[in-house]
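Structure assessment
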Amino acid sequence: MIQVVQSKQLVPTMRTQYMRTAFQIPFDATVRVSLDTNLCLISERGYDTQGGGKWFRDPDKPLADNEITRFPHAILEVKLELGGANSEPPQWVTDLQNSGMLYEVHKFSKFIHGCSVLLPEYVRSVPYWVDDASIRNSILRSGGGRILVEGDSETGVG
């Protein structure tokens, strides 16, 4: 593995750290649910990798505010394996989706979010969800305010 990293001159970029809780009926993959909480995205750039022999930063060194962003929401992912007699999701899944307690973010990516906030110089365009007012403060605390649309400071709407 280290040979591949060295030959392709790969360097660590972004670390995602979170607490995952998974739900599934044993031996039944029809519905699988994961809930990620306490999501932190940490820049892995800017430290000595010792020629590719070291792929993580020194855990004893503190992180600067602009090296970590804490995502303020939990991420719920529901995976359905539908087919044959199971062509519709179970009613409880439909009820949950229609409950108003969830906010769908199409194609959300932890990696892209972290890179957009912490390493915007490496991102061609920031994802649409960064302008959501509910995550604005976490972006600002990480020094990522330069990626936000300028506008009303109360709502975050431009």
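All of the points below concern the structure found in this document. For every chain, the first residue of the written sequence is number 1, and numbering continues from 1 onward in sequence order. Owing to the predicted nature of the model, reporting of local features is limited to residues with pLDDT of at least 70; listing and counting of side-chain atom pairs is limited to 80 or more, with chain, interface and lining totals taken over all residues. Side-chain numbers here rest on the full set of heavy atoms in the structure, without hydrogens or water.

**Some points on the nonpolar core**
Quick reminder of the rule: Only buried Ala, Val, Leu, Ile, Met, Phe, Trp, Tyr and Cys residues count toward a nonpolar core, and they belong to the same one when joined by side-chain atoms within 4.5 Å. A simple rule labels every residue: compare its accessible area, found with a 1.4 Å probe on the protein chains alone, to the largest value its type can have, and call it buried under 20%, exposed over 50%, or partly exposed in between. Only runs of H or I of at least four residues qualify as helices and only runs of E of at least two qualify as strands under DSSP, and these elements are numbered from the N terminus. In this analysis, two residues are considered to be in contact whenever any of their non-hydrogen atoms come within 4.5 Å of each other.
Among the nonpolar cores identified, the biggest contains 15 residues, and Met14 and Ile139 are the most heavily contacted of them. Secondary structure elements with two or more residues in this core: strand 2 (31–43) and helix 3 (110–118). Apart from residues lying up to four places away in sequence, methionine 14 is in contact with Leu41, Ile42, Ser43, Glu44, Phe111, Gly114, Cys115, Leu118 and Leu119.

**So, the pattern of salt bridges**
Formally: Between Lys or Arg on one side and Asp or Glu on the other, a salt bridge is scored when a side-chain nitrogen of the former is within 4 Å of a carboxyl oxygen of the latter.
Evaluation of the coordinates by the stated rule reveals three salt bridges. As a salt-bridge pair, arginine 20 and aspartate 36 come within 2.7 Å of each other at their nearest N and O atoms. With arginine 20 in strand 1 (residues 14–24) and aspartate 36 in strand 2, this pair connects stretches of sequence that are 16 residues apart. For arginine 20, a relative accessible area of 42% corresponds to the partly exposed category.

**Details of unusual backbone geometry**
Excluding glycine, a negative phi dihedral is what most residues carry, and trans is how most peptide bonds are arranged. With a phi close to 60°, phenylalanine 27 is a non-glycine residue in the positive phi region. You can see phenylalanine 27 is positioned in the loop between strand 1 and strand 2. On the basis of relative accessible area, phenylalanine 27 is assigned to the exposed category, the value being 89%. Its identity as a non-glycine residue notwithstanding, asparagine 38 has a phi of 55°, on the positive side.

**A short note on the environment of leucine 82**
Along the chain, leucine 82 turns up in the loop between strand 4 (75–80) and helix 2 (91–97). A residue is classified by how much of its surface remains accessible, and leucine 82, at 36% relative accessible area, is partly exposed. When the C-alpha positions of leucine 82 and alanine 29 are compared, they lie 9.4 Å apart, and in sequence the two are 53 residues distant. Discounting chain neighbours no more than four positions away, the residues touching leucine 82 are Ser87, Glu88 and Pro89.

**Thoughts on helix 3**
The test is simple: Within 3.5 Å is the distance limit for a polar contact, defined as a pair of N or O atoms, with the added protein rule that one can donate a hydrogen and the other accept it, and that residues adjacent in sequence qualify only through two side-chain atoms.
The buried count for helix 3 comes to seven of nine residues, which makes it a mostly enclosed element. The complete set of buried residues in helix 3 reads Lys110, His113, Gly114, Cys115, Ser116, Val117 and Leu118. Next to the buried residues of helix 3 lie strand 1, strand 2, strand 3 (68–70), strand 4 and helix 4 (136–141). Regarding helix 3, its N-cap is serine 109, as a side-chain oxygen of that residue lies 3.4 Å from the backbone nitrogen of phenylalanine 111 further along.

**Regarding the packing of aromatic side chains**
The relation between two aromatic rings is expressed through the spacing of the ring centres and the mutual angle of the planes. Put simply, the rule reads: When the centres of two rings from Phe, Tyr and Trp lie within 6.5 Å, Trp using its six-membered ring, the rings pair. Their planes under 30 degrees apart give stacked, over 60 give edge-to-face, and anything left gives tilted. Think of it as a cone above the ring: NZ of Lys or CZ of Arg counts as a charge over the ring if it is within 6 Å of the ring centre and within 35 degrees of the ring normal.
In the structure shown here, the tally under the stated rule is three aromatic pairs. Judged by centre distance (4.8 Å) and plane angle (50°), the ring pair of phenylalanine 108 and tryptophan 129 falls under tilted. Residue phenylalanine 108 is located in the loop between helix 2 and helix 3, and its partner tryptophan 129 is located in the loop between helix 3 and helix 4; the two are separated by 21 residues in the primary sequence. What makes phenylalanine 108 partly exposed here is its relative accessible area of 23%. Its relative accessible area of 8% is what places tryptophan 129 among the buried residues. One aromatic cluster in this structure is built from Phe71, Phe108, Tyr128 and Trp129. A cation over an aromatic ring shows up here: arginine 45 above the ring of tyrosine 122, its NZ or CZ 4.4 Å from the ring centre. If you follow lysine 110 out to its NZ or CZ, it ends over the ring of tyrosine 18, 4.6 Å from the centre.

Coordinates in, geometry out; function isn't part of it.
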